[in-house]
Amino acid sequence: MKKQNYSVAVVGATGAVGNEMVQILEERKFPVGKLKLLASSRSAGSYVKFYNKDTKVEILDEDSFKEIDIGLFSAGGTVSEKFAPVAARAGCIVVDNTSAFRMDSQVPLVVPEVNPHAIAQYKNKGIIANPNCSTIQMVVALKPIHDVAGIKRIVVSTYQAVSGTGKKAIDELQNQSRDILSFKDVECKVYPHQIAFNCLPHIDVFLENAYTKEEMKMVNETRKILEDNSIRITATTVRVPVFYGHSESVNIETGKKITAGEVRKLLSQAPGVTVVDDPASATYPLAIDAAGKDDTFVGRIREDESIEKGINMWIVADNLRKGAALNAIQIAEILVKEYI
C-alpha cells in the first residue's frame, strides 16, 4: 500500500536554500510525516519553524538517515560527496542541490517541467541531481522552443544575485552599500572585489579554457537536461548587486524559423513560465518582481536581426526558489506520486 506520509531530511537546514526548502515543504503541503533538520555542529541546536513549531536542528552524521525516505541536500558539494551515498545506502532517496553529482552519467539531472522522465534513473545510485540555478530557469524557457524549432546555438549572459553565494554574500552587499553611502571604506571578504554598485564577471573559479566553472556548468548541464549534445552553447556569468533573483540575456539560433509571436504564444502555454512582455508600457521581467515567486518570467522576446533564425529574450527567476529549493521539492513531489 502507498504511504500517506514520508520522512524527510533537510541537510543544510540553516542555510539560505535549506530555510527555503523548509518553507516550501509547508507552503506546498508536502506529505511530511517526520521532518529531520540536519546541519554541521556549528548550527546544530538551533531551531527552524515548521508549521509554527520549532524544530531542532541536529548534527549531520553517518546515522542520520535511518528510516528517512527523502533527503533534500543543500550543504555544499563536499558534504554531498560524503553523505549522499551514505543516505542512499540507508534507503533514502537523495535530491542533491550541489554540483557533486550533476555530470555523473548514472545520476539524473532534472528540471520537472523539462525532463521529468529522467527521475526514473534515481534507482541507479539513489541520487537525483538538482541543476545549477542559472541553468534551471534557462531550460524551463528554452525547452518548448527546442521541441518545436530545434535549438542549434545558445549565447547567454547572466546577471546573478548575491544570494546565490549565500547569507555571507547577502550581508556583504548590505554592509558595503551602507558603508559607501556613509563614505566609509568597504571590506571585501566574500568576493575578490567590491560587489556594491558594481558587477563582477567572475562566478566560481576560472578554468584552463578561461571560462569560469559556473559558465561551463551552464554549458554541460543544459546539454544533459535537454538530452542534446549537438547544441552549441557559450556563457558569460556575472554577479550583480541584487539580493534575490537571477536575470539572463539569452540569444538562440534555431534549426527551423520561429517568430517572436510564435515564441510568445508557445511560452504563454508552457508549464512554469509567465510571459511578461509589453515594452510599450515598460513591462518586462524584473528581479525584484520575481523574488518570492515560483515561475520563470520571460520578456523582451524579439527576433535577432543579425541572423535568419534567431531569437533574443530576457529570463528572470528567484534563484533560491525555482533555482534551488522549489525545483528540488518538485522532484520530490514526482517521486512520491509516481515512484515511492
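Residues numbered from 1 in each chain as written. Predicted model: local features only at pLDDT ≥ 70, side-chain atom pairs only at ≥ 80, totals over all residues. Heavy atoms only, no water.

A short note on the overall build of the chain
Working step 1: When helices and strands are counted, the chain shows 8 helices and 13 strands.
Working step 2: In summary, the chain has a C-alpha radius of gyration of 20 Å against a globular reference of 20 Å for 340 residues, a match within 12%.
Working step 3: Judged by the C-alpha coordinates and their principal axes, the chain covers about 60 × 60 × 40 Å.
Working step 4: The proportion of buried residues among the 340 residues of the chain is 51%.
Working step 5: Of the roughly 15600 Å² that the chain leaves accessible, carbon and sulfur atoms contribute 49%.
Working step 6: The chain carries 41 positive and 42 negative side-chain charges, and their two centres are separated by 3 Å. (Helix = DSSP H or I, 4+ residues; strand = E, 2+ residues; numbered from the N terminus. Rg over C-alpha atoms; globule rule 2.2 N^0.38 Å. Buried < 20%, exposed > 50% of the residue type's maximum accessible area, 1.4 Å probe, protein only. Areas by Shrake-Rupley, 256 points an atom, 1.4 Å probe, with all protein chains shown as cover. Lys, Arg positive; Asp, Glu negative; His and termini not counted. Charge placed at Lys NZ, Arg CZ, Asp CG, Glu CD.)

Description of the sheet that holds strand β8 (residues 151-160)
Working step 1: Spatial ordering of the open sheet is given by β9-β8-β10-β13-β12-β11, a layout of 6 strands whose pairing is mixed. The outermost strands of the open sheet, each flanked by one partner alone, are β9 (232-239) and β11 (273-275). Geometrically, the sheet is characterised by an average inter-axis angle of 20 degrees between neighbouring strands, direction not taken into account.
Working step 2: Of the pairings in the sheet, the one linking β8 to β9 comprises 8 bridges and is parallel in character. Its bridge partner lying in β9, isoleucine 154 is registered against isoleucine 233. (Pairing = 2+ DSSP bridges. Axes fitted to C-alpha atoms, helices over the stretch in contact; angles between N-to-C directions.)

Section: the nonpolar core
Working step 1: Phe65, Leu142, Ile154, Val250, Ile252 and Met313 are the most contacted members of the largest nonpolar core, which totals 51 residues.
Working step 2: Leave out the neighbours within four places in its chain, and phenylalanine 65 touches Ala9, Val11, Leu38, Leu60, Phe73, Phe83, Ala87, Ala90 and Cys92.
Working step 3: Core analysis: the next-biggest nonpolar cluster, separate from the first, contains 37 residues, Tyr6, Val57, Ile128 and Ala328 among them. (Core = buried A, V, L, I, M, F, W, Y, C linked by side-chain atoms within 4.5 Å. Contact = heavy atoms within 4.5 Å.)

Focus: the environment of lysine 337
Working step 1: Residue position: lysine 337 is located in helix α8 (residues 321-339).
Working step 2: Between the C-alpha atoms of lysine 337 and proline 279, which are 58 residues apart in sequence, the distance is 41 Å.

As for the environment of alanine 317
Working step 1: Considering the arrangement of structural elements, one finds alanine 317 in strand β13 (residues 310-317).
Working step 2: When the C-alpha atoms of alanine 317 and phenylalanine 65 are compared, they prove to be 32 Å apart, with 252 residues separating the residues in sequence.
Working step 3: Sequence-distant contacts of alanine 317, defined by excluding residues within four places in its chain, comprise Gln137, Gly245, His246, Ala290, Asp295 and Thr296.

As for the sheet that holds strand β7 (residues 127-129)
Working step 1: Ordered by their spatial adjacency, 7 strands build an open sheet running β3-β4-β2-β1-β5-β6-β7, and the pairing between neighbours is mixed. In this open sheet, the two edge strands, each paired with only one partner strand, are β3 (47-50) and β7. Across this sheet, the average inter-strand angle for adjacent strands is 30 degrees, counted without regard to direction.
Working step 2: Note: strand β1 (residues 6-11) against strand β2 (residues 32-39), 6 bridges, orientation parallel. In the sheet register, tyrosine 6 faces β2, and the bridge partner there is valine 32.
Working step 3: Packed on one face of the sheet, helix α1 (residues 16-27) meets β1, β2, β3 and β5 (70-73) and runs near 25 degrees to β3.

Thoughts on the packing of helix α3 (residues 133-149) against helix α6 (residues 260-268)
Working step 1: Remark: α3 packs on α6, axes separated minimally by 9 Å, with the N-to-C direction vectors making an angle of 120 degrees. Taken together, the axes of α3 and α6 lie oblique to each other. Here α3 runs over α6; the crossing is right-handed. Counted together, Ala141, Pro144, Ile145 and Val148 of α3 and Val263, Leu266 and Leu267 of α6 form the full contact between these two elements.
Working step 2: Split by residue class, the contact of α3 with α6 holds 7 nonpolar, no polar and no charged. (Parallel < 35°, antiparallel > 145°, perpendicular 65-115°, else oblique. Left-handed = near helix turned anticlockwise from the far one by under 90°. Nonpolar A, V, L, I, M, F, W, Y, C, P; charged D, E, K, R; others polar.)

Side note on the layout of surface pockets
Working step 1: One number sums up the size of the second largest pocket: a volume of about 170 Å³.
Working step 2: In this structure, the second largest pocket is lined by Lys168, Asp171, Glu172, Asn175, Gln176, Asp179, Glu187, Lys189 and Val190.
Working step 3: Class assignment of the residues belonging to the lining of the second largest pocket gives a composition of 1 nonpolar, 2 polar and 6 charged. (1 Å grid on protein atoms, 1.4 Å probe; cavity = no way out; pocket = protein on both sides within 12 Å on 5 of 7 lines; lining within 4 Å. Points joined across faces, edges and corners; volume = space filled by probe spheres on them.)

Things to note about the side chain of asparagine 327
Working step 1: Structurally, asparagine 327 is set in helix α8.
Working step 2: Exposure remark for asparagine 327: the relative accessible area of 0% places this residue in the buried category.
Working step 3: Within polar-contact distance, the side chain of asparagine 327 engages the side chain of lysine 322 at 2.7 Å.
Working step 4: Aside from chain neighbours lying at most four places away, what touches asparagine 327 is Val110, Val111, Pro112, Glu113, Asn130, Pro131, Ile136, Arg321 and Lys322. (Polar contact = N/O pair within 3.5 Å; in protein donor to acceptor, adjacent residues only side chain to side chain.)

A closer look at the packing of α3 against α8
Working step 1: One can describe the packing of α3 onto α8 by two numbers: an axis separation of 8 Å at closest approach and a directional angle of 85 degrees. Judged on the interaxial angle alone, α8 and α3 are roughly perpendicular. Taking contact as the criterion, the partners of Cys133, Ile136 and Val140 in α3 are, on α8, Lys322, Gly323, Ala324 and Asn327.
Working step 2: Of the residues in the contact of α3 with α8, the class split is 4 nonpolar, 2 polar and 1 charged.

Concerning the side chain of serine 80
Working step 1: Relative to the helices and strands, serine 80 is located in helix α2 (residues 77-89).
Working step 2: With sequence-adjacent residues up to four places away left out, serine 80 is seen in contact with Phe73, Pro85, Asp96, Thr98, Ala100 and Phe101.

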